[in-house]
Amino acid sequence: MTPESANRPVALVTGASAGLGLALAHGLADRGWALVIDARGADALKDAADALAGRTDVVPLAGDVTDPEHRADLVDAVSELGRLDLLVNNASYLGPSPLQQLGAADLDELRRVYEVDVVAPIALAQALLPALTTASGVVLNISSDAAVEAYEGWGGYGSAKAALDHASRVLAAEHPSLAVYAVDPGDLRTAMHQAAFPGEDISDRPEPATVVPAFLRLLDSRPASGRYRAADFAAAVAP
């Protein structure tokens, strides 16, 4: 990190090699944020980091957020940058494709959904609380409308996101100096959304980059901690 970048705000974005995570990383980089980014696929993550490197300091670390050693590496990377202003828990696991009904769901797969979508975000928040508290920072947990609506086949993912929503509320109550948000980005044209609808045409869904201005508006306005939809902030940034 260069001396002139030492005072840049720093964000850790998980699942940042594609989809919403990559779009958010680009949006933050455009504002001069330094970034720590992670994803399971090393090649895709390198490509993402190369695309971001010309605009900001970026530290890519490939690994699985359910792995305690990988999480420790992410914490070390944040420490090297000297601060953390924003934690984006974007990495998620949908479960098998096609989606399974809850009454017949593979329990090993269900445990994996909860490990990625609930336990790992809580574990990262725990490990990074000192840095986030020092910065009066923001925890941004990516949620889903499946957390509040009962969609057939979405029992594992939806209930995991509901658990993450509630964990976000509890974290906010326990740490009032932080802003803790669970945000539903809406249906987007991503690989995960395609996996939820195998063989279907999802080209009518908007690209992830289209919701980034709403997320940035959320960060700028810093409302009370809680659950929001990206659409709640879209009107403020519409042309």
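Please read all numbers here as calculations on a predicted model, not as lab measurements.

Thresholds applied
Residues numbered from 1 in each chain as written. Predicted model: local features only at pLDDT ≥ 70, side-chain atom pairs only at ≥ 80, totals over all residues. Heavy atoms only, no water. Core = buried A, V, L, I, M, F, W, Y, C linked by side-chain atoms within 4.5 Å. Buried < 20%, exposed > 50% of the residue type's maximum accessible area, 1.4 Å probe, protein only. Helix = DSSP H or I, 4+ residues; strand = E, 2+ residues; numbered from the N terminus. Contact = heavy atoms within 4.5 Å. Lys, Arg positive; Asp, Glu negative; His and termini not counted. Salt bridge = Lys/Arg side-chain N within 4 Å of Asp/Glu carboxyl O. Polar contact = N/O pair within 3.5 Å; in protein donor to acceptor, adjacent residues only side chain to side chain. Patch = residues over 30% accessible without salt bridge, like charges linked within 9 Å, V, L, I, M, F, W, Y side chains within 5 Å. Areas by Shrake-Rupley, 256 points an atom, 1.4 Å probe, with all protein chains shown as cover. Charge placed at Lys NZ, Arg CZ, Asp CG, Glu CD. Phe/Tyr/Trp six-rings, centres within 6.5 Å; stacked < 30°, edge-to-face > 60°. Lys NZ or Arg CZ within 6 Å of the ring centre and 35° of its normal.

**Side note on the nonpolar core**
Counting 37 residues, the largest nonpolar core has Leu28, Leu35, Ile37, Leu86, Leu140, Tyr181 and Phe215 as the members making the most contacts within it. At the level of secondary structure, the elements contributing two or more residues to this core comprise β1 (10-13), α1 (19-30), β2 (34-39), α2 (42-53), β4 (86-89), β5 (138-142), β6 (179-184) and α7 (212-221). With residues up to four places along the chain from it excluded, the contact list for isoleucine 37 reads Val13, Ala16, Ala25, Leu45, Ala48, Ala49, Leu52, Val58, Val59, Pro60 and Leu61. In terms of nonpolar packing, the next biggest core, distinct from the first, is built from 21 residues, Leu87, Leu128, Leu178 and Val180 among them.

**Things to note about the side chain of lysine 161**
In this structure, lysine 161 sits in helix α5 (residues 155-174). It turns out lysine 161 is buried and unbridged, and the closest side chain with the opposite charge, aspartate 117, is 4.8 Å from it. Here the side chain of lysine 161 touches serine 92 through a polar contact of 2.8 Å, side chain to side chain. Here lysine 161 is in contact with Ser92, Asp117, Ile142, Ser143, Ser144 and Ala147, once residues within four sequence places are set aside.

**Regarding a negative patch on the surface**
On the surface, a cluster of negative charge is contributed by Asp67, Glu69, Asp73, Asp76 and Glu80. Note that aspartate 76 resides in helix α3 (residues 68-81).

**Some thoughts on the packing of aromatic side chains**
With the rule as written, the count across this model stands at 4 aromatic pairs. For the ring pair tryptophan 154 and phenylalanine 197, a centre distance of 6.2 Å and an interplane angle of 45° mean the geometry is tilted. Residue tryptophan 154 is found in the loop between β5 and α5, and its partner phenylalanine 197 is found in the loop between α6 (191-196) and α7; the two are separated by 43 residues along the sequence. A relative accessible area of 15% places tryptophan 154 in the buried class. Relative accessible area serves as the criterion here: at 22%, phenylalanine 197 is assigned to the partly exposed category. Plain terms: the ring middles of tyrosine 228 and phenylalanine 233 are 5.6 Å apart, the flat faces sit at 65° to each other, and that makes the pair edge-to-face. Pair check on accessibility: tyrosine 228 and phenylalanine 233 agree, each one buried. What links up through ring pairs into an aromatic cluster is the set Trp154, Tyr157 and Phe197. A cation over a ring is seen here: arginine 112 above tyrosine 93, with NZ or CZ 5.8 Å from the ring centre. Across the ring face of phenylalanine 197, the terminal group of arginine 205 is positioned such that the distance to the ring centre comes to 5.4 Å.

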